[in-house]
Amino acid sequence: MKKAGLLPGLFLTVIIAATMVVTGCENDLKDLKKISANEATKPVQRYTNVDVIWSDSAKVKAHMTSPLMLDYTKVAKPYTEMPKGVKVIFYDANLQQTCTITSEYAIRHVAEKVIELRKNVVGTNVKGETFHSDELIWDENTRQIHSDKPVHVQMTDGSILDGLNFVSDEGLNHWKFGPSTGIIHVDSKQIGQ
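Predicted, not measured: the structure shown is a model, and the values here were computed from it.

Quick notes on unusual backbone geometry
- A positive phi angle, near 55°, is found at Asn165, a position not held by glycine.
- Mapping Asn165 onto the fold places it in the loop between strand S11 (160-163) and strand S12 (166-169).

Written as structure tokens, this is what we have:
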């Protein structure tokens, strides 16, 4: 008779233990999935004092420096982030500097070969024209720089242009706007007076 009283107690203990194990595993799996998702969004590599040279057919076309670069390659669309700013110097076929662009933040979309330069973006071409914007986008494929954000241009003669739909070559030498306003300085000799 003692055995009959022991079996229900043992059975109840086994049921409670099995329930705890199943519940514990379920929470552990949820925690593992959460940790795994967080790890996937962390950078794979962290680089400091970065110095990158882009070349085409052994000719340098751009030189980029940044104090910090984070490489995110374990995501669906790999990208590289430069959260502490970037400086890019562009060169022509004769290795002559054509322009310099700096920004406080940049992100490079690896597959698309596009770099978004953001926050206090300043570009200067060899003519001395200065370009200010919150965003300029460098497309390595088309070799163009463009923006749909407002761009302010200070020309060497003091003329000022503000516009949207900015597009230019990599050297910021041949550029144009969509809708724009500005103050243009004109020499009276040029208008026939």
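Having seen the model, we can carry on.
Side note on the layout of surface pockets
- By volume, the largest pocket amounts to about 160 Å³.
- What lines the largest pocket is Asp56, Lys59, Val60, Lys61, Phe90, Tyr91, Asp92, Ala93, Thr98, Arg143, Glu170 and Gly171.
- Those elements giving two or more residues to the lining of the largest pocket turn out to be strand S2 (59-72) and strand S4 (86-91).
- Of the residues that constitute the lining of the largest pocket, the class distribution is 4 nonpolar, 2 polar and 6 charged.

Quick word on the side chain of His63
- Mapped onto the elements, His63 comes out in strand S2.
- A residue is classified by how much of its surface remains accessible, and His63, at 19% relative accessible area, is buried.
- A polar atom in the side chain of His63 sits 2.5 Å from the side chain of Asp51.
- When near neighbours in sequence (up to four residues on either side) are disregarded, His63 contacts Asp51, Val52, Ile53, Lys87, Val88, Ile89 and Tyr91.

Topic: the side chain of Glu116
- With respect to the helices, strands and loops of the structure, Glu116 is situated in strand S7 (residues 114-125).
- Here the side chain of Glu116 touches His109 through a polar contact of 2.8 Å, side chain to side chain.
- A distance of 2.2 Å separates the side chain of Glu116 from the side chain of Arg118, its partner in a polar contact.
- The contacts of Glu116, once residues within four sequence positions are left out, are Tyr105, Ala106, Ile107, His109, Glu135, Leu136 and Ile137.

Conventions and cut-offs
Residues numbered from 1 in each chain as written. Predicted model: local features only at pLDDT ≥ 70, side-chain atom pairs only at ≥ 80, totals over all residues. Heavy atoms only, no water. Helix = DSSP H or I, 4+ residues; strand = E, 2+ residues; numbered from the N terminus. 1 Å grid on protein atoms, 1.4 Å probe; cavity = no way out; pocket = protein on both sides within 12 Å on 5 of 7 lines; lining within 4 Å. Points joined across faces, edges and corners; volume = space filled by probe spheres on them. Nonpolar A, V, L, I, M, F, W, Y, C, P; charged D, E, K, R; others polar. Buried < 20%, exposed > 50% of the residue type's maximum accessible area, 1.4 Å probe, protein only. Polar contact = N/O pair within 3.5 Å; in protein donor to acceptor, adjacent residues only side chain to side chain. Contact = heavy atoms within 4.5 Å.

Distances and angles like these do not, on their own, reveal function.
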